[in-house]
Amino acid sequence: MARKTPRILVTGAVGQIGSELTMALRKRYGNNNIVAAGHRKDPSLALRDSGPFDRIDVTDREQIEQVVTRHKINTIYHMAAILSAVGEEKPQLAWNVNMGGLYNVLEVAREYKITRVFLPSSIAVFGPETPRDCAPQETVLHPTTIYGVSKVAGELLGDYYCHRFGLDVRGLRYPGIISSETPPGGGTTDYAVEIFYEAIKHRRYTCFVREDTVLPMMYMPDCIKATIDLMESDLYCLKHHCNFNVAGMSFSAGELAAEIKKHLPEFICDYRPDFRQEIADSWPKSLDDRPAREEWGWKPSYDLASMATDMLKCLHARYEKGTLP
Ligand code: SER
């Protein structure tokens, strides 16, 4: 049976993933069916002018309720979160936003009979005891960051709402996401985005993890595709719900710098690891994403070379136009 047109709320819509996800959903389902919600940061003109925009603090349940009822929302993509590095600086804030916000969204979804909810999880659910290569779907989850702790709890809470209340909640363990539109804020994998901006602007970058640090990464078009494909798949195909591993590519910081150098030979990268090194060292290098491939047909399109080519092209165009921050 065809689903009725989604009326979607995207929380965290001004963030790195939320901003591009909102525009992709607007293109797919119609601008006015997608309500973007941000908190403090102002939306870009494109985001603000292409459809409804509201301010929501997700730690305040009433604010979520009001937007859901006012816009007759039936689907929520809950992208608002505090990431790993800021989380270590402000653990209380990370818990309040990540857990309190998630609980509020799930409770509003239960009460107002929302048909589908997307909850992003992360490679941060893993910890030093997880196998570093090809981390399995089912494995030890002992994260060492408050962000990871909140993501493990979020996966479990989402699965609980599925089996206890019959709420259709789905989620992916995102790797580091690389994108050219909105810079990420406060994550450990941010170096893989910053390096491109600095290469374009100054031909130089000081990386905050060691050259040999390998982490799983994904380019934004694959991230958007994975998110929408999972949300559009038939419920009966899914054995997992809130915790799908999804792999894109894996490379070291040094390999990334070398790839950029192929395009910009004068580019120089040096390395000055800070507290984020320890976080990076607690995460796996690569992921086994067979359940995502088998249950809903996940397949990434970009590898390191094609991602770097496209990133440099997009950022160069923005630099020329004078719109690169
Ligand atoms: N990109 C996130 C971070 O680094 C991981 O999900 O915090």
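So, a few notes on the structure that sits alongside this text. (Residues numbered from 1 in each chain as written. Predicted model: local features only at pLDDT ≥ 70, side-chain atom pairs only at ≥ 80, totals over all residues. Heavy atoms only, no water.)

## As for the overall build of the protein
Phase 1: Within the protein one finds 12 helices and 14 strands.
Phase 2: Against the globule reference of 20 Å for 325 residues, the protein gives a C-alpha radius of gyration of 19 Å, in line with a compact fold.
Phase 3: Principal-axis analysis of the C-alpha atoms places the extent of the protein at approximately 55 × 45 × 40 Å.
Phase 4: Intrachain contacts of the protein at a sequence separation of at least 6 include 78% that bridge at least 24 residues. (Helix = DSSP H or I, 4+ residues; strand = E, 2+ residues; numbered from the N terminus. Rg over C-alpha atoms; globule rule 2.2 N^0.38 Å. Contact = heavy atoms within 4.5 Å.)

## Some details on the layout of surface pockets
Phase 1: Taken as a whole, the largest pocket encloses approximately 1200 Å³ of empty space.
Phase 2: Contributing to the lining of the largest pocket are 47 residues, with Ala80, Ala81, Ile82, Leu83 and Gly185 lying nearest its centre.
Phase 3: Contributions of two or more residues to the lining of the largest pocket are made by helix 1 (16-29), strand 2 (34-38), helix 4 (84-89), helix 5 (91-111), strand 6 (121-122), helix 6 (146-165) and strand 9 (176-178).
Phase 4: If you add up the space inside the second largest pocket, you get close to 560 Å³.
Phase 5: Around the second largest pocket, the lining comprises 19 residues; the ones closest to its centre are Ser19, Ser44, Glu181, Thr182 and Arg318.
Phase 6: Going through the elements one at a time, helix 1, helix 2 (45-49) and helix 12 (304-321) are the ones with two or more residues in the lining of the second largest pocket.
Phase 7: If one sorts the elements of the lining of the second largest pocket by residue count, helix 1 sits on top with 5 residues.
Phase 8: Taken together, the residues that form the lining of the second largest pocket break down as 8 nonpolar, 4 polar and 7 charged. (1 Å grid on protein atoms, 1.4 Å probe; cavity = no way out; pocket = protein on both sides within 12 Å on 5 of 7 lines; lining within 4 Å. Points joined across faces, edges and corners; volume = space filled by probe spheres on them. Nonpolar A, V, L, I, M, F, W, Y, C, P; charged D, E, K, R; others polar.)

## Let's talk about the site of the ligand
Phase 1: Contacts to the ligand come from Leu83, Ser84, Ser122, Tyr147, Gly187, Thr188, Thr189 and Trp283.
Phase 2: Within the side chain of Tyr147, one N or O atom sits 3.1 Å away from an oxygen atom of the ligand.
Phase 3: In this structure, an oxygen atom belonging to the ligand sits 2.6 Å away from a main-chain N or O atom of Thr188.
Phase 4: In isolation the ligand exposes 240 Å². Once the protein is present, 92% of that is buried.
Phase 5: Judged by the proximity of its atoms to the pocket grid, the ligand belongs to the largest pocket.
Phase 6: Among the residues forming the shell around the ligand, the class breakdown is 3 nonpolar, 5 polar and no charged. (Near = heavy atom within 4 Å. Polar contact = N/O pair within 3.5 Å; in protein donor to acceptor, adjacent residues only side chain to side chain. Areas by Shrake-Rupley, 256 points an atom, 1.4 Å probe, with all protein chains shown as cover. Sits in = over half its atoms within 2 Å of the grid points.)

## Quick word on the sheet that holds strand 2
Backbone hydrogen bonds are what pair the strands of a sheet, in a parallel or an antiparallel way.
Phase 1: With parallel pairing, the 6 strands of this open sheet are ordered in space as 3-2-1-4-5-7. Of all strands in the sheet, those with a lone pairing partner are strand 3 (53-55) and strand 7 (169-170), marking the two edges.
Phase 2: Pairing of strand 1 (residues 8-11) with strand 2, which is carried by 4 bridges, proceeds in the parallel orientation. Counterpart to Val10 in the pairing with strand 2 is Ala36. (Pairing = 2+ DSSP bridges.)

## Examining the side chain of Ser121
Phase 1: On the secondary structure map, Ser121 appears in strand 6.
Phase 2: In contact with Ser121, other than residues within four places in its own chain, are Lys151, Glu155, Leu172, Arg173, Tyr174 and Cys242.

## Things to note about unusual backbone geometry
Phase 1: The phi torsion at Cys134 lies on the positive side, around 55 degrees, for a residue other than glycine.
Phase 2: Relative accessible area serves as the criterion here: at 43%, Cys134 is assigned to the partly exposed category.
Phase 3: Notably, Arg203 is not glycine yet its phi reads approximately 60 degrees, a positive angle.
Phase 4: Relative to the helices and strands, Arg203 resides in the loop between helix 7 (191-202) and strand 10 (204-207). (Buried < 20%, exposed > 50% of the residue type's maximum accessible area, 1.4 Å probe, protein only.)

## Some words on the packing of helix 7 against helix 9 (residues 253-263)
Phase 1: The N-to-C vectors of helix 7 and helix 9 enclose an angle of 25 degrees; their axes lie 11 Å apart at closest approach. Relative to helix 9, the element helix 7 is oriented roughly parallel. When the axes of helix 7 and helix 9 are compared, the crossing they make is right-handed. Residues Tyr191, Ala192, Ile195, Phe196 and Ala199 of helix 7 lie in contact with helix 9, whose contacting residues are Ala253, Leu256, Ala257 and Ile260.
Phase 2: By residue class, the composition of the contact of helix 7 with helix 9 is 9 nonpolar, no polar and no charged. (Axes fitted to C-alpha atoms, helices over the stretch in contact; angles between N-to-C directions. Parallel < 35°, antiparallel > 145°, perpendicular 65-115°, else oblique. Left-handed = near helix turned anticlockwise from the far one by under 90°.)

## Some remarks on the pairing of strand 11 (residues 214-219)
Both faces of the sheet carry side chains from a regular strand, because those side chains alternate between them.
Phase 1: Taking burial as the measure, the 6 residues of strand 11 include 5 buried ones, the bulk of the element.
Phase 2: In terms of strand pairing, strand 9 meets strand 11 through 3 bridges, oriented parallel. Its bridge partner lying in strand 11, Ile177 is registered against Met218.

## Side note on the packing of aromatic side chains
Phase 1: In this structure the tally under the stated criterion is 9 aromatic pairs.
Phase 2: Seen from their ring centres, Phe118 and Tyr174 are 6.1 Å apart, and the 45 degrees between their planes marks the pair as tilted. Residue Phe118 is located in strand 5 (residues 116-118), and its partner Tyr174 is located in strand 8 (residues 172-174); the two are separated by 56 residues in the primary sequence.
Phase 3: Note on Tyr174: relative accessible area 5%, which makes it buried.
Phase 4: Ring centres of Tyr160 and Phe165 lie 6.0 Å apart, and the angle between their planes is 90 degrees; on these two criteria the pair is classed as edge-to-face. (Phe/Tyr/Trp six-rings, centres within 6.5 Å; stacked < 30°, edge-to-face > 60°.)

## Describing the nonpolar core
Phase 1: Ile178, Tyr191, Ile195, Phe196, Leu256, Phe267 and Met307 are the most contacted members of the largest nonpolar core, which has 44 residues in total.
Phase 2: Among the elements of the structure, helix 6, helix 7, strand 10, strand 11, strand 13 (249-252), helix 9, helix 10 (276-281) and helix 12 are those that each provide at least two residues to this core.
Phase 3: Once you skip the residues sitting within four places of it in the chain, Ile195 turns out to touch Tyr205, Leu256, Ala257, Ile260, Phe267 and Cys269. (Core = buried A, V, L, I, M, F, W, Y, C linked by side-chain atoms within 4.5 Å.)

Geometry only, nothing functional implied.
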